[in-house]
Amino acid sequence: MHHHFIDRYAREDSVIHRLDARTKLLTAIVFSAYVVSIPRYEIAPLVPLVIIPFTWITLGKIPWPFVGKHILICSPFILTLAVFNPLFDHSLQHIVLFGSRYTVPGGFLIAINLLVKYLLGITCLIALSSTTRFDHLLLAMKKFRVPRILILQMYFLYRYLFELIEQGHEILRARQARDVGHLTVARRIRSSSGMVGVLFIRSYESALKVFQAMEARLYDGHLRTVEQLQFTRPDLIAFIFTAGFLFFCYLSNT
Amino acid sequence: MHMANELLSPTVAFGCGIIAVGGISFAAGRIRDMADSHLIPLMGVLGAFVFAAQMVNFSLPAIAGTSDHLIGAILLAVLLGPHAALITMTGILVVQCLVFQDGGLLALGANIINMGLLPAYIGYGLWRLMIGQGPLTRGKLLPAAWTAAFIGVCLGSAAVCVEVGLSGRLAIPLAKFSAAMIGIHLVSGAIEGGITCAILIFLYKLYPHLAGTSVNWQEKKMNPRSLVVMICVLAVVTAGSFSWFASPYADGLERVVSAPSTLKPKTELAGKIDTFQNKFTPLPDYNKRDEPSQKRWPNVNFWTSFSGLLGIGLTMFVIRLGAGFITCRQKVKSG
């Protein structure tokens, strides 16, 4: 299954794309953990960390407008939370900027800290999802001993997801064609519940058909792929580089 | 309700992760026998369905400028059972995090607890309690599904507040954050209840044999042991964390009693009993001895949680002893 917007760049070829999915998943987890551990009034320790997602995205040849669009789509909740912080925290904090000492309200520092952490976290996730195919991620999870049933569930979810969205669009388009924008809100709500039900039954029936077809082809509940993950020398180099860089950042902060 | 990494401290994130992993392993163990059956495609398609439904944000009536989305855990729990529902919700949250960047990688554990573990198990328990035994009727289905979905969403939002409060990453006072968060989710829970009811009624009317595939609504009985576990979890969560949000001020009765000239002066015996009680109570006013009771809210305090948990344990022990004593007497009488 392939979708033109979601995993548009996951099937390209680059140094990062060729890395083992386990390396990328582990790097994303370690990186997120380090970013989250930075205290809430600190901003300087976050700045050098930009290098990791920047390198990942640049080497992975992911276009920056695509990254920017994704960041904007996911940002409303965190933006709202960040904006309210300066209103509540009026404690004064001292910061050193280009050698001069300034006193700024703590709320501003927290807001900037939240936003920078958000940017780092999300660019790392975008880099991960745009350079790794979803089935490779599932294989990596299998190697990390994630329960088989959970992996199968995610596999089926991903398999049906886009089909379901397309069916939903079809049903919506059909309603628009019939009401021509003249339906009252009450009738629209009433018809929506029916539409959701129809969508569910359609997808359930198609899921059963797919499953019967799979059973006819001797499916036995195990996920088997021709491709296998391989931890090679570039993986080792990438992991050592990231871990070393984070350790260096940690030492320079303490 | 998807939380981002930035809202959690590493300790809280890892703690939640461990609880979530425990829950998932338990659920995976319980449905292992069904793994090769028709439950898997149903889990997949329902997962995709809830996933798509979560992408549709509805704006909340009466609260301008806010929107929320369906969570769907109760719908899954009713159709698949709580264990498969937890696995399905986990799948949805992992895909949302890894593919759509909705919710942080480290906050995954917390998100699984808030949107999977709590609504699936506690909401499902409520649903089973409310539909009772016997054939499922429309009159039973509607209130049971609505209440379960409403309580499930509210519990999840309260858990978000507890996690954010424990992490201490925001400058916004926890009381204000909780009021906004829970307030919004009261409305959103009501809407979620409505949507869940609409879908279930639709299936009940048009597709009743769905009930015969993996879920047997009519014949399934609530396991008494799981009911006990569910009530224990609800009690522990309430005592351990919600007690922080209890108002520090006197309740109605206390306020009336403490007003001057409401009561006659105490008799000598009552005075002596009070002094004795004050002297030997181990955790007076749910707090450590000699520690002044604080008027701040929420009162995040280990001793408040500890008192609540100890209280539950002792109450259950006393009830068990009492029940044992009564049954023993009945046996003696009848024997």
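Counting restarts for each chain, with residues numbered from 1 along the sequence as it is written. As a convention, the first chain written is A and the first ligand written is 1, with the rest following in written order. Since the coordinates come from a predicted model, pLDDT governs what is reported: local features require at least 70, and pairs of side-chain atoms require 80 or more to be given and counted, while whole-chain, interface and lining totals use all residues. Hydrogens and water molecules were not included; the side-chain quantities draw on all heavy atoms of the structure.

**Some thoughts on the overall build of chain A**
Where helices and strands are cited, they refer to DSSP runs of H or I of at least four residues and of E of at least two residues respectively, numbered from the N terminus. Each helix and strand in chain A was counted, giving nine helices and two strands. Reading the helices (α) and strands (β) of chain A from amino to carboxyl end gives α-α-α-α-β-β-α-α-α-α-α. The C-alpha radius of gyration computed for chain A amounts to 23 Å, which surpasses the reference 18 Å derived for 254 residues by more than 25%, pointing to a less compact arrangement than a globule. With respect to the three principal axes, the spread of C-alpha positions in chain A is 70 × 55 × 30 Å. Within the span of chain A, comprising 254 residues, buried residues form 43% of the whole. Intrachain contacts of chain A at a sequence separation of at least 6 include 75% that bridge at least 24 residues. Carbon and sulfur atoms provide 66% of the accessible area of chain A, an area that totals close to 14000 Å². Two things to know: the radius of gyration comes from C-alpha atoms, and the globule rule equals 2.2 Å times the number of residues to the power 0.38. Using a 1.4 Å probe on the protein chains alone, a residue whose accessible area is under 20% of its type maximum counts as buried, one over 50% counts as exposed, and one in between counts as partly exposed. The contact criterion used throughout is that any non-hydrogen atoms of two residues lie within 4.5 Å. Per-residue and other accessible areas follow the Shrake-Rupley method at a 1.4 Å probe size, with only the shown protein chains counted as cover for residues.

**Description of the overall build of chain B**
What chain B contains, in helices and strands, is 11 helices and two strands. Secondary structure elements in chain B, listed N-terminal to C-terminal, are α-α-β-β-α-α-α-α-α-α-α-α-α. Going through the 335 residues of chain B one by one, you find that 48% of them count as buried. Taking the contacts inside chain B whose residues are at least 6 apart along the sequence as the reference set, 75% of them involve residues at least 24 apart. For chain B, the exposed surface amounts to about 16300 Å²; the carbon and sulfur share of it is 68%.

**Observations concerning a nonpolar patch on the surface**
Residues and elements named next belong to chain A. Without a salt bridge and with relative accessible area above 30%, a residue can belong to a patch; like charges are then joined within 9 Å and nonpolar side chains (Val, Leu, Ile, Met, Phe, Trp, Tyr) within 5 Å. Salt bridge, as used here: a side-chain nitrogen of Lys or Arg that lies within 4 Å of a carboxyl oxygen of Asp or Glu. A cluster of nonpolar residues, Leu26, Val30 and Phe144, forms a patch on the protein surface that exposes about 220 Å² of accessible area. Looking at the element boundaries, valine 30 is found in helix H1 (residues 21-36). Of the residues examined, valine 30 reaches a relative accessible area of 38% and is grouped as partly exposed.

**Topic: the interface of chain A and chain B**
Across the contact, 62 residues belong to chain A and 60 residues belong to chain B. Buried area, as used here, totals the accessible surface that two parts lose on assembly, with accessibility defined by a 1.4 Å probe and the loss added over both. Surface buried jointly by chain A and chain B totals about 5400 Å² across both partners, of which 81% is contributed by carbon and sulfur atoms. The largest share of the area that chain A buries against chain B comes from Ile149, Phe200 and Tyr204 of chain A, three residues that together contribute 14% of it. Counting across the chain A and chain B interface gives zero salt bridges. Pairing of N or O atoms within 3.5 Å defines a polar contact, subject to two protein rules: one partner must be a possible hydrogen donor and the other a possible acceptor, and residues neighboring in sequence count only if both atoms are side-chain atoms. The interface formed by chain A and chain B holds two residue pairs in polar contact (both at pLDDT 80 or more) in total. By residue number, the principal contributor to the side of chain A that touches chain B is helix H8 (residues 185-216) of chain A, which donates 15 residues.

**Here's the deal with the pairing of strand E2 (residues 100-105) of chain A**
Residues and elements named next belong to chain A. The sheet contact formed by strand E1 (residues 92-97) and E2 spans six bridges and is antiparallel. Its bridge partner lying in E2, leucine 97 is registered against serine 100. Strands are labelled as partners when DSSP assigns at least two bridges between them. Counted between consecutive antiparallel strands, the loop separating E1 from E2 contains two residues, among which phenylalanine 98 sits at a positive phi close to 50°.

**Considering the packing of aromatic side chains**
Any two aromatic rings considered together are summarised by their centre-to-centre distance and by the angle between their planes. Residue and element names in this part refer to chain A. The pairing test for Phe, Tyr and Trp rings, Trp by its six-membered ring, is centres within 6.5 Å, and the orientation test on the planes gives stacked under 30 degrees, edge-to-face over 60, and tilted for anything in between. By the definition in use, this model includes seven aromatic pairs over all chains. For the ring pair phenylalanine 134 and tyrosine 158, a centre distance of 4.2 Å and an interplane angle of 25° mean the geometry is stacked. Of this pair, phenylalanine 134 sits in helix H6 (residues 134-143) while tyrosine 158 is found in helix H7 (residues 148-179), placing the two residues 24 residues apart along the sequence. The residues phenylalanine 134 and tyrosine 158 share a single accessibility class, namely buried. A centroid spacing of 6.4 Å and a plane angle of 20° characterise the contact between phenylalanine 241 and phenylalanine 245, whose relative ring orientation is stacked. Residue phenylalanine 241 and its partner phenylalanine 245 are located together in helix H9 (residues 233-253), separated by four residues, close to a single helical turn. Classification of phenylalanine 241 by relative accessible area gives partly exposed; the value is 44%. For phenylalanine 245, a relative accessible area of 16% corresponds to the buried category.

**A short note on the pattern of salt bridges**
Residues and elements named next belong to chain A. Across all of its chains, the model carries four salt bridges over all chains by this definition. The shortest N-O distance in the salt bridge between aspartate 13 and arginine 18 comes to 3.0 Å. Overall, the relative accessible area of 57% leaves arginine 18 in the exposed class. The partner of aspartate 20 in a salt bridge is arginine 22, and the shortest N-O contact between them spans 2.8 Å. Pair check on accessibility: aspartate 20 and arginine 22 agree, each one buried.

**Comments concerning the environment of leucine 166 of chain B**
All names here are of chain B. Locating leucine 166 in the fold gives a position in helix H6 (residues 138-167). Leucine 166 sits in the partly exposed class, given a relative accessible area of 46%. As for leucine 166 and valine 12, which are separated by 154 residues in sequence, their C-alpha atoms are 7.0 Å apart.

**Regarding the domain arrangement of chain A**
Domain start and stop points were drawn from an automatic or database domain assignment. Per the domain assignment, the segments making up chain A are domain 1 (4-132 + 228-252) and domain 2 (145-216). Placing the centre of domain 1 of chain A and that of domain 2 of chain A at their C-alpha centroids yields a distance of 34 Å.

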